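Working through the structure, step by step
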Amino acid sequence: MEEIFKQVSDTPIDFSFEVFPPKSEIGEKNLLSQIHLVDRIKTRALSVTSGAGGSGNDRTLETIKSLENEVSSNLAAHLTCIAATKNHTQQSLDRYAHEGIFNIVALRGDLNEDLNDLTTLDSYGNATKLVRGIRSRSDGDQFHISVAGYPETHPKAKSRKSDLENLKGKVDEGADLILTQFFFDPEIFFRFIEDTDRIGIKLPIVPGFIIASNFHRVFSFAEKCGAHLPDTIVKRFDGVESGSEEANRIATEITLQHCSQLSENGIRSFHFYTLNRLDLVVPVCELLQQDISSSSKLVRREP
Ligand code: FAD
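Now for a description of the structure that goes with this document. Being a predicted model, the structure only gives us computed values, none of them experimental.

1. Some thoughts on the site of the ligand
Around the ligand sit 24 residues in total, of which Asp110, Tyr150, His154, Asp163 and Lys170 are the nearest. In the environment of the ligand, an oxygen atom lies 2.5 Å from a nitrogen or oxygen atom belonging to the side chain of Asp110. Note that an oxygen atom of the ligand is positioned 2.9 Å from one of the side-chain N or O atoms of Asn166. Surface burial for the ligand is 83%, taken as the share of its 950 Å² of free accessible area covered by protein chains. Elements with a contribution of two residues or more to the shell around the ligand: β4 (75–80), α5 (160–172) and β7 (177–182). Residue contributions to the shell around the ligand peak at three residues, all from α5. Residues that form the shell around the ligand fall into these classes: eight nonpolar, ten polar and six charged.

Next comes the structure, spelled out in structure tokens:
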């Protein structure tokens, strides 16, 4: 661990947040009423997810446009490729470039059951090929590309080794940053950092967090994406109503504890799956900022 981290005294922390395109007018109002909160803290990027199930990236751009005048943060777009032709994906990139959005989270994406037969679709097919496809554009160097990493291994990967090699492939094609799947035990992230370091991945790796206030929903996401839920965490919500004030308090406390443990070990950037609850997420980040600026610092070695 000492080889991966070095001691410094003045590196500030920063945050990135992902929000999803609202599904209704109420959802839209809700997002717009909270989005300004991100300007209260040092925000590295505010990204908008792309439709799950291969349902496309059009609403991502619409949402980005609706946020452009509301926040000063650097806006980013998640771009999935599995259910679109290469041509269509390149057109999406053209539109982003036209709008001045050069910060892309490049993803394979998942499929809805009804979209399962895509064998004949001329798509990029996976995130490695997508990163290559972005870098091969004439404006390819202008893009800042983040890719996904899986501290607990992608649930459909053949093995941990192949999953790590896949990540290395994305890095070798020109990714700039790795954002991780969320996890509920900081030790899992430390092991991931060691494994990625061992296979020669030197890019910054930003841990992903989700605040489990609506724990029924979050625990179900965790099951789908293979994130291990320690019994100690599950038990803390025993007898608590999902989404209640009490659940908010417990979930916030857990997240703060995990982020603090990471920051004590040198992590300076944090990514939040906000579920459009910036009212819950931003106060946690403010507390973390205060907590960290008053403690001694260790920072992950950069290449
Ligand atoms: P890749 O890097 O191409 O693959 C990752 C790993 O998954 C590899 O080991 C690969 O072998 C394995 N794998 C994936 N699918 C299969 C399969 N069918 N069979 C065998 N192996 C497989 N999804 C969205 O739809 N929209 C989003 O906005 C979005 N944002 C995300 C943001 C972050 C930070 C993360 C971590 C994930 C996000 N996802 C999103 C989920 C992501 O699309 C899925 O996890 C997807 O299954 C893999 O995408 P990838 O880019 O990691 O794929």
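Text resumes after the structure shown.
2. Structural notes on the sheet that holds strand β8 (residues 205–210)
Taken in spatial order, the eight strands line up as β2-β3-β4-β5-β6-β7-β8-β9 and close into a barrel, and their pairing is parallel. Strand-to-strand twist of the sheet, defined as the mean angle between neighbouring strand axes without regard to direction, takes the value 30°. Pairing between β8 and strand β9 (residues 269–273): three bridges, direction parallel. Each bridged residue has a counterpart across the sheet, and for Ile210 the counterpart in β9 is Tyr273. Packing of helix α4 (residues 127–135) onto the sheet brings it into contact with β4, β5 (103–107) and β6 (144–149), and relative to β5 it is tilted by some 145°. In the packing of helix α7 (residues 215–225) onto the sheet, the strands contacted are β7 and β8, and the crossing angle to β7 comes to about 115°.

3. Things to note about the nonpolar core
Counting residues in hydrophobic clusters, the biggest one holds 81 residues, and the most contacted among them are Phe17, Phe237 and Phe272. When sequence neighbours within four positions are dropped, the list of residues in contact with Phe237 reads Ala212, Phe215, Phe219, Ala247, Ile250, Ala251 and Ile254.

4. Description of the pattern of salt bridges
All told, the structure shown has 18 salt bridges when counted by the stated rule. A salt bridge links Glu246 to Arg249; its shortest N-O distance comes to 3.0 Å. In this pair, Glu246 and Arg249 both sit in helix α9 (residues 245–264), three residues apart, roughly one turn of the helix. Judged by its relative accessible area of 43%, Arg249 is partly exposed. Here the salt bridges share partners, and the residues they tie into one network are Arg236, Glu246, Arg249 and Glu253.

Rules behind the numbers
- Residues numbered from 1 in each chain as written.
- Predicted model: local features only at pLDDT ≥ 70, side-chain atom pairs only at ≥ 80, totals over all residues.
- Heavy atoms only, no water.
- Near = heavy atom within 4 Å.
- Polar contact = N/O pair within 3.5 Å; in protein donor to acceptor, adjacent residues only side chain to side chain.
- Areas by Shrake-Rupley, 256 points an atom, 1.4 Å probe, with all protein chains shown as cover.
- Helix = DSSP H or I, 4+ residues; strand = E, 2+ residues; numbered from the N terminus.
- Nonpolar A, V, L, I, M, F, W, Y, C, P; charged D, E, K, R; others polar.
- Pairing = 2+ DSSP bridges.
- Axes fitted to C-alpha atoms, helices over the stretch in contact; angles between N-to-C directions.
- Contact = heavy atoms within 4.5 Å.
- Core = buried A, V, L, I, M, F, W, Y, C linked by side-chain atoms within 4.5 Å.
- Buried < 20%, exposed > 50% of the residue type's maximum accessible area, 1.4 Å probe, protein only.
- Salt bridge = Lys/Arg side-chain N within 4 Å of Asp/Glu carboxyl O.

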